[in-house]
Amino acid sequence: MIIGNWKMNTARADALALAEAVANMRHQDSTRVGICPPALWIDPISQVLEGSSILLGAQDCIGDQFGAQTGCINAAMAADAGCSMAILGHSERRARFGETTESLLPAVAAVLETGMFPVFCVGETQIERESGRALDVVAEQIRPLLSVGLDISGMVIAYEPVWAIGTGLSATRLDIEEMHATVRDVLGRADALVLYGGSVSPESAEDVFSAEGVSGALVGGASLNADKFAAIVAAWERK
Ligand code: 13P
């Protein structure tokens, strides 16, 4: 699975052109490819993607039902607009809006209830890694998901070390393998889909994908360029 997270990028015309290019990109049936554009462009992009195999996702949503929540979109709206997934708990939202796994549980439940799947992000900061706490921190970010009786078997986890996001730095193969094994251990599911994210590019993809236990990538910056995104998909399919 290769998912592009466009973050707060693309003017409307650029978004539609990029979606069109991704829709025309060739990929194997066994590779699931998706894009998560800014919320405002989800609806027009769902029309661009009609008839294509590209999955559409929201970058975030909240768990509330319809109501007085200025500036928010809920899971039902994202699903209604054509999304089949929603990123939740991205480190940029954890850092800026104080989101925690606990506070995200209603969103996780709401996303699952709509039939979408969450792409739930976890990852340690540089200080946490340097102090040897990376595995514990990520385990703690996952554990609350297990405590509320949700069926999270369809959930995708994205391991995104915070220090690797947008920096050109990537975790080592061994660190990725160790973390992905830990994620599956904590989930108690050997078959869980665990993506890697953090400066995945056409240059780094081969190395990242050679790590055991990587189910694909959550791609930020490089997903804004259709050729680079296609090159990452191609690297995945060569592995
Ligand atoms: P970059 O690929 O730009 O480092 O971003 C990764 C990311 O945060 C994807 O969600």
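The structure this text deals with has already been given above.
I will try to describe carefully the structure that is included in this document. (Residues numbered from 1 in each chain as written. Predicted model: local features only at pLDDT ≥ 70, side-chain atom pairs only at ≥ 80, totals over all residues. Heavy atoms only, no water.)

1. Considerations on the packing of aromatic side chains
Argument step 1. For the structure shown, the criterion picks out two aromatic pairs.
Argument step 2. For the ring pair Phe209 and Trp236, a centre distance of 5.0 Å and an interplane angle of 80° mean the geometry is edge-to-face. With Phe209 in helix α9 (residues 205-209) and Trp236 in helix α10 (residues 226-238), this residue pair connects regions lying 27 residues apart in the sequence.
Argument step 3. Residue Trp236 is classed as buried on the basis of its relative accessible area of 15%.
Argument step 4. In this structure, Arg32 is placed above the aromatic ring of Phe117, and the distance from its NZ or CZ to the ring centre is 5.9 Å. (Phe/Tyr/Trp six-rings, centres within 6.5 Å; stacked < 30°, edge-to-face > 60°. Helix = DSSP H or I, 4+ residues; strand = E, 2+ residues; numbered from the N terminus. Buried < 20%, exposed > 50% of the residue type's maximum accessible area, 1.4 Å probe, protein only. Lys NZ or Arg CZ within 6 Å of the ring centre and 35° of its normal.)

2. Concerning the packing of helix α7 (residues 134-142) against helix α8 (residues 173-187)
Argument step 1. Orientation of α7 relative to α8, taken along the N-to-C sense of each, is 35°, at an axis distance of 10 Å. Seen along the crossing, α7 lies across α8 with a hand that is right-handed. When α7 is examined against α8, the residues Ala134, Leu135, Val138, Ala139 and Ile142 are found in contact with a partner set consisting of Glu178, Met179, Thr182, Val183, Val186 and Leu187.
Argument step 2. Its residues assigned to classes, the contact of α7 with α8 shows nine nonpolar, one polar and one charged. (Axes fitted to C-alpha atoms, helices over the stretch in contact; angles between N-to-C directions. Left-handed = near helix turned anticlockwise from the far one by under 90°. Contact = heavy atoms within 4.5 Å. Nonpolar A, V, L, I, M, F, W, Y, C, P; charged D, E, K, R; others polar.)

3. Let's talk about the site of the ligand
Argument step 1. By nearness alone, 13 residues border the ligand, and Lys7, His90, Gly166, Ser199 and Gly221 come closest of all.
Argument step 2. Contacts to the ligand include Lys7, whose side-chain N or O atom sits 2.7 Å from an oxygen atom.
Argument step 3. Within the backbone of Gly221, an N or O atom sits 2.8 Å from an oxygen atom of the ligand.
Argument step 4. Starting from 310 Å² of accessible surface for the ligand in isolation, the protein chains cover 94%.
Argument step 5. The cavity where the ligand resides is the second largest pocket.
Argument step 6. Here the residues of the shell around the ligand are counted per class, giving four nonpolar, seven polar and two charged. (Near = heavy atom within 4 Å. Polar contact = N/O pair within 3.5 Å; in protein donor to acceptor, adjacent residues only side chain to side chain. Areas by Shrake-Rupley, 256 points an atom, 1.4 Å probe, with all protein chains shown as cover. 1 Å grid on protein atoms, 1.4 Å probe; cavity = no way out; pocket = protein on both sides within 12 Å on 5 of 7 lines; lining within 4 Å. Sits in = over half its atoms within 2 Å of the grid points.)

Read these as layout, nothing more, since geometry by itself doesn't imply function.
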